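# Topology and contacts: notes
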Amino acid sequence: MKGTKTLTIIKPGAISNEYIGPILARVNSAGFHIAAMKLFKFTRTQAENFYAIHRERPFYASLVEFMTSGPVVVAMLEKENAVEDYRKLIGATDPSKAEEGTIRKLYAESIERNAVHGSDSNENAEIECDFFFAKCERFSNFE
Ligand code: CMP
């Protein structure tokens, strides 16, 4: 079966709590290949564009503020069924509703400071990986 990709962001709260290592260990243990990865700091314009789909939501300004408050880790992950399997691994957006053992249940602080992002579809995974990574920064098992 052809592998697929997803894009994850380890968010500023999880970075300042020193959770990069524990989160990446869970990502690898769940069978994902890390095909590209870097520390990155969003400019305001980049964060506004990345989250443009939420522009009309009441939490948009606060979300942009939070996502520009410090560095993030961005990574392109590969696995069969990557988008769906990664969303299962991270759990519900609201950590109080996330299942035991999921990354958000373990490492999130609130619905906004929810530790990690995961793409919600294959189409968005392509768009989001293109946002962060040039071809020469990708070490894919599939492409
Ligand atoms: P994520 O799904 O990665 O991308 C959109 C982000 O918006 C989401 O993570 C949360 O960080 C944030 N978010 C979503 N819903 C809410 C909400 N109701 N209140 C505050 N932040 C939210």
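Everything below is about the structure printed above this text.
Here's a quick rundown of the structure. The structure presented is a predicted model; accordingly, all values stated were derived computationally and were not measured.

So, how was this worked out
Residues numbered from 1 in each chain as written. Predicted model: local features only at pLDDT ≥ 70, side-chain atom pairs only at ≥ 80, totals over all residues. Heavy atoms only, no water. Near = heavy atom within 4 Å. Polar contact = N/O pair within 3.5 Å; in protein donor to acceptor, adjacent residues only side chain to side chain. Helix = DSSP H or I, 4+ residues; strand = E, 2+ residues; numbered from the N terminus. Pairing = 2+ DSSP bridges. Axes fitted to C-alpha atoms, helices over the stretch in contact; angles between N-to-C directions. Contact = heavy atoms within 4.5 Å. Buried < 20%, exposed > 50% of the residue type's maximum accessible area, 1.4 Å probe, protein only.

Quick look at the site of the ligand now. Neighbouring the ligand are the residues Lys-11, Tyr-51, His-54, Phe-59, Leu-63, Arg-104, Ile-111, Glu-112, Asn-114 and His-117. Interatomic distance of 3.5 Å between a backbone N/O atom of Ile-111 and an oxygen atom of the ligand. His-117 places a side-chain nitrogen or oxygen 2.8 Å from an oxygen atom of the ligand.

By the element assignment, Lys-88 lies in helix 5 (residues 82–90). Taking the C-alpha atoms as reference points, Lys-88 and Glu-99, separated by 11 residues in sequence, lie 9.0 Å from one another.

What follows deals with the sheet that holds strand 2 (residues 33–40). The strand order across the open sheet formed by 4 strands is 2-3-1-4, and the pairing between neighbours is antiparallel. Each of the sheet's edge strands pairs with one partner strand only, and the pair in question is strand 2 and strand 4 (116–118). On average, each strand axis in the sheet is inclined to that of its neighbour by 20°, with strand direction left out of account. In the sheet, strand 1 (residues 4–10) pairs with strand 4 via 3 bridges, with the strands oriented antiparallel. Counterpart to Ile-10 in the pairing with strand 4 is Val-116. On top of the sheet, helix 5 reaches strand 1, strand 3 (72–79) and strand 4; it is set at about 35° to strand 1, its chief contact.

Right, let's get into unusual backbone geometry. Note: most peptide bonds trans; most residues except glycine with negative phi. For Glu-18, which is not glycine, the phi dihedral falls at a positive 60°. Counting through the fold element by element, Glu-18 comes out in the loop between helix 1 (12–16) and helix 2 (20–29). Exposure remark for Glu-18: the relative accessible area of 63% places this residue in the exposed category. One non-glycine residue, Asn-81, adopts positive backbone phi at about 60°. Note that Asn-81 resides in the loop between strand 3 and helix 5.

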